[in-house]
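# What the coordinates show
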Amino acid sequence: MLKYAMLLLLLPVCSTSFSQTLYELSYHFDNKDGRGNCKAFINRNDDGTGMIRVAFTDKATNTKNVFEMDMEEHFGVEDNGSEDTTLLIFVGLNPRQITGNAHYMQDNFVFELSGEGYYEPSFVLAIGDDGKEETGNLDDAKLLNQADLTEELILQYYTPEDEVFQNLFVVTTRGLTSEEKKTQLFLVLVANTNDKKIGKTCVTDKESTLSLFSEVAEFLNIGFVPTVIEGNSFSKVNVEKAINALRPGSGDIVVFYYSGHGFSDRRDNYAFPYMDLRDKSYQTFGGQYAMNMEMVYQKIKSMGARLNLVLSDCCNNDPTQSANLLNDEPNTRTSSVGWNKNKCIDLFMNPKRMSFIMTAAKKGELSAGTISDGGFFTFNFRETLEKTVGNFNKDKTVSWSAILNTAQVQTIAILNGKKCRQPDESVAKCVQNPIFRSE
C-alpha cells in the first residue's frame with residue numbers, strides 16, 4: 001500500500017540522451033476545491049527537472065486561472081518506507097499564479113510503470129495548505145510532439161508576452177553572417193570502447209557526444225570536422241596525432257572529449273585527471289601511456305580558436321580503480337521537439353574568445369554511469385546544453401558558464417541517495433563532484 005502522504009519524503013529518481021517529455025493531461029476532482037476541469041502542460045527533462053503549468057476555470061468567479069510550478073520527480077514509497085519504483089511522481093513545487101486569482105491546491109502527477117517499460121500517466125494527487133490530499137481522475141493524456149505545439153495549445157498555458165510563446169511563434173531567427181558561415185567545429189573524440197569493465201558506457205558516451213556536436217553543426221549549418229579514436233585505434237600516439245593535426249581558424253570551435261579510465265597523481269598539482277591511454281594489457285600505468293587533461297587544454301587553447309571545450313568523463317583517483325557502473329532504470333516516453341536557432345547561435349557563435357575545461361570528478365573521486373546513458377557527467381552536460389538551446393528555456397541569455405555550473409549541480413544531485421564503491425573499496429553514498437575552469 002503506497003503512502004501518498006509521504007511526498008516530501010519520496011526518494012529521488014536517478015534519471016538516465018537528451019530526451020524531453022511533453023504531456024498535456026486533462027483531469028478533474030470531485031468539486032472539493034472549487035475547480036472545474038483542469039488541464040496540465042508538463043515539460044519533463046530526463047535529468048529529473050521540469051516545469052508544470054496548470055490551467056482551470058474557477059467555478060465561483062468563472063475566471064480562467066493558470067499556475068506554474070517547478071517540478072521534481074520522485075519514486076513512490078511503500079508503507080514500510082521502501083522505494084516503489086513502479087510509481088514515478090512529478091511533484092509540483094513553488095506554485096506561481098500567471099493569470100486569475102483563484103486559490104490553488106498543489107497538484108502532483110503520478111505516472112505508473114507500464115508493461116512496455118515506460119512510465120505512463122495514471123492519476124493526479126492534490127495537496128492542500130493543510131496537508132490534506134485529494135485524488136483527481138485522469139480523463140485524457142496526450143504525448144506532445146513539435147507538430148502539436150500550436151498557438152492555440154500554447155496560449156492555454158502561456159501569455160503572448162511569455163518567453164516560451166515568443167520563442168515558438170514570434171522571435172525572428174537571425175541568420176549567420178558571411179564570416180560566421182565559414183566556422184568549423186572540430187571534434188576530437190577519444191573513447192576506450194574496448195575496455196572490459198567500462199567499454200559499454202564509453203560506447204554510449206562516444207555515440208551521444210558525436211551525435212550532439214554533429215547535430216549542432218548541422219543545425220547551425222557550419223562545418224564539422226570529427227576525429228574519433230576508439231576501439232583498436234585507441235592509443236596515446238593516435239590522440240597526440242589528432243591534437244597536433246588540428247588547424248583551427250580564429251573563428252572556429254574546438255571540442256576535445258574523453259571517455260575512459262582516468263587517474264590522478266598526488267605528487268603533482270594537477271586538479272584535472274590523466275587519461276589512461278594504454279592500448280595493450282601488458283603496458284604499465286602512467287608515463288608514456290598517459291596524458292593529463294590540463295596539458296591537452298593548454299595545447300588546444302594555444303591554437304587560437306574562438307571557442308575551446310575540453311571535457312573528460314573519467315575517474316580522478318588511484319589508477320588501479322575503475323568507474324562505478326549503476327543499474328539502468330525505466331523512463332518516460334520521448335517527445336520530438338526542436339531547438340531554438342537564436343539560442344544556439346548565441347551560445348556557439350558568441351564572438352567573445354572563451355576556453356573551458358571540465359571533468360567528471362574532482363581529485364580523489366571516482367566517476368559513475370550506466371550502460372544506457374553513459375557517464376553521469378556526460379549525460380548531464382548533454383541534457384543541460386540541449387535544454388539551454390530549447391524553446392522552453394525562458395532565459396533571455398545563455399552562457400557556457402551557466403551550462404557547466406548546472407551540469408555540475410545536476411551530476412551531484414542525480415547521484416544523491418545512490419550507493420557507490422568508494423576509493424577504499426567500501427560501499428557508501430556516491431560522492432562525485434565535477435570541476436571546471438574557464439579562461
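All chains use their own residue numbering, which begins from 1 and follows the written sequence. With the structure being a predicted model, the display of local features is reserved for residues of pLDDT at least 70 and the display and counting of side-chain atom pairs for 80 or more, all residues being used for whole-chain, interface and lining totals. Note that water and hydrogens are dropped before the side-chain values are worked out from all heavy atoms of the structure.

This brings us to the nonpolar core. We call a set of buried Ala, Val, Leu, Ile, Met, Phe, Trp, Tyr and Cys residues a nonpolar core when their side-chain atoms join them within 4.5 Å. Summary of the burial criterion: residues with accessible area below 20% of their type's maximum are buried, those above 50% are exposed, and those between are partly exposed, where the area comes from a 1.4 Å probe applied to protein chains only. Ranked by size, the top nonpolar core spans 41 residues in total, and within it Phe213, Phe348, Phe381 and Trp400 carry the most contacts. For helices the rule is a DSSP run of H or I covering at least 4 residues; for strands it is a run of E covering at least 2, with both sets numbered from the N terminus onward. Among the secondary structure elements, those contributing two or more residues to this core are strand S10 (184-191), helix H3 (199-220), strand S12 (253-259), strand S16 (307-313), helix H6 (341-348), strand S19 (354-359), helix H7 (376-388) and helix H8 (400-414). When residues in this core are grouped by element, the largest group, six residues, is from H3. Residues count as neighbours in contact if any of their non-hydrogen atoms are within 4.5 Å of one another. Setting aside its immediate chain neighbours within four residues, Phe348 contacts Phe213, Val216, Leu220, Ile253, Arg306, Leu307, Leu385 and Trp400. Formed by 25 residues, the second largest nonpolar core is a distinct cluster that contains Phe186, Val188, Val254 and Met275.

So, about helix H2 (residues 163-170). Listed as buried for H2 are Glu163, Val164, Phe165, Asn167 and Leu168. Identification of polar contacts relies on pairs of N or O atoms within 3.5 Å, with a donor-acceptor requirement for protein atoms, meaning one able to donate a hydrogen and the other able to accept it, and with residues adjacent in sequence counted only if both atoms are side-chain atoms. In this structure Asp162 caps H2, since a side-chain oxygen of it lies 2.9 Å from the backbone nitrogen of Val164.

With that settled, the discussion passes to the environment of Thr397. Structurally, Thr397 can be placed in the loop between H7 and H8. Remark: the alpha-carbon pair of Thr397 and Asp346, spanning 51 residues in sequence, is separated by 7.9 Å.

Take the environment of Tyr258 next. Mapping Tyr258 onto the fold places it in strand S12. Judged by its relative accessible area of 0%, Tyr258 falls in the buried class. Separated by 111 residues in the primary sequence, Tyr258 and Ala147 place their C-alpha atoms 37 Å from one another. Not counting chain neighbours up to four residues away, the residues in contact with Tyr258 comprise Val190, Phe234, Met275, Asp276, Leu277, Met293, Leu311, Ser312, Asp313 and Cys314.

As a further point, take the state of the cysteines. The rule for a disulfide is simple: a pair of cysteine sulfur atoms within 2.5 Å. Enumeration over the complete set of coordinates arrives at one disulfide. In this model, Cys420 is linked to Cys430 through a disulfide, with the two sulfur atoms separated by 2.0 Å. In this structure, the disulfide formed by Cys420 and Cys430 twists by about 85° around the S-S bond and is classed as right-handed. Within this pair, whereas Cys420 is found in strand S22 (residues 419-421), its partner Cys430 is found in the loop between strand S23 (427-429) and strand S24 (435-438), the two being separated by ten residues in sequence. Take Cys420: its relative accessible area is 5%, and that puts it in the buried class. Left unpaired, Cys202 is separated from the closest cysteine sulfur, that of Cys314, by 9.5 Å. Under the relative-accessibility criterion, Cys202 is labelled buried at 1%. Here Cys315 is not disulfide-linked; the sulfur of Cys314 is the nearest cysteine sulfur, at 7.0 Å.

All right, on to the side chain of His74 then. Mapped onto the elements, His74 comes out in strand S5 (residues 63-77). Polar contacts involving the side chain of His74 include one to the side chain of Glu72, which spans 3.2 Å.

On to the pattern of salt bridges, then. The salt bridge criterion pairs a side-chain nitrogen of Lys or Arg with a carboxyl oxygen of Asp or Glu, the two atoms within 4 Å. Applying the stated criterion across every chain yields a total of 22 salt bridges. Here Glu179 and Lys182 are joined by a salt bridge, their closest N and O atoms 3.5 Å apart. Among the residues examined, Glu179 registers a relative accessible area of 54% and is labelled exposed. Between Arg267 and Asp265 there is a salt bridge, with its nearest N and O atoms 3.0 Å apart. Arg267 sits in the exposed class, given a relative accessible area of 77%.

No statement about biological role is implied by the geometric values presented.
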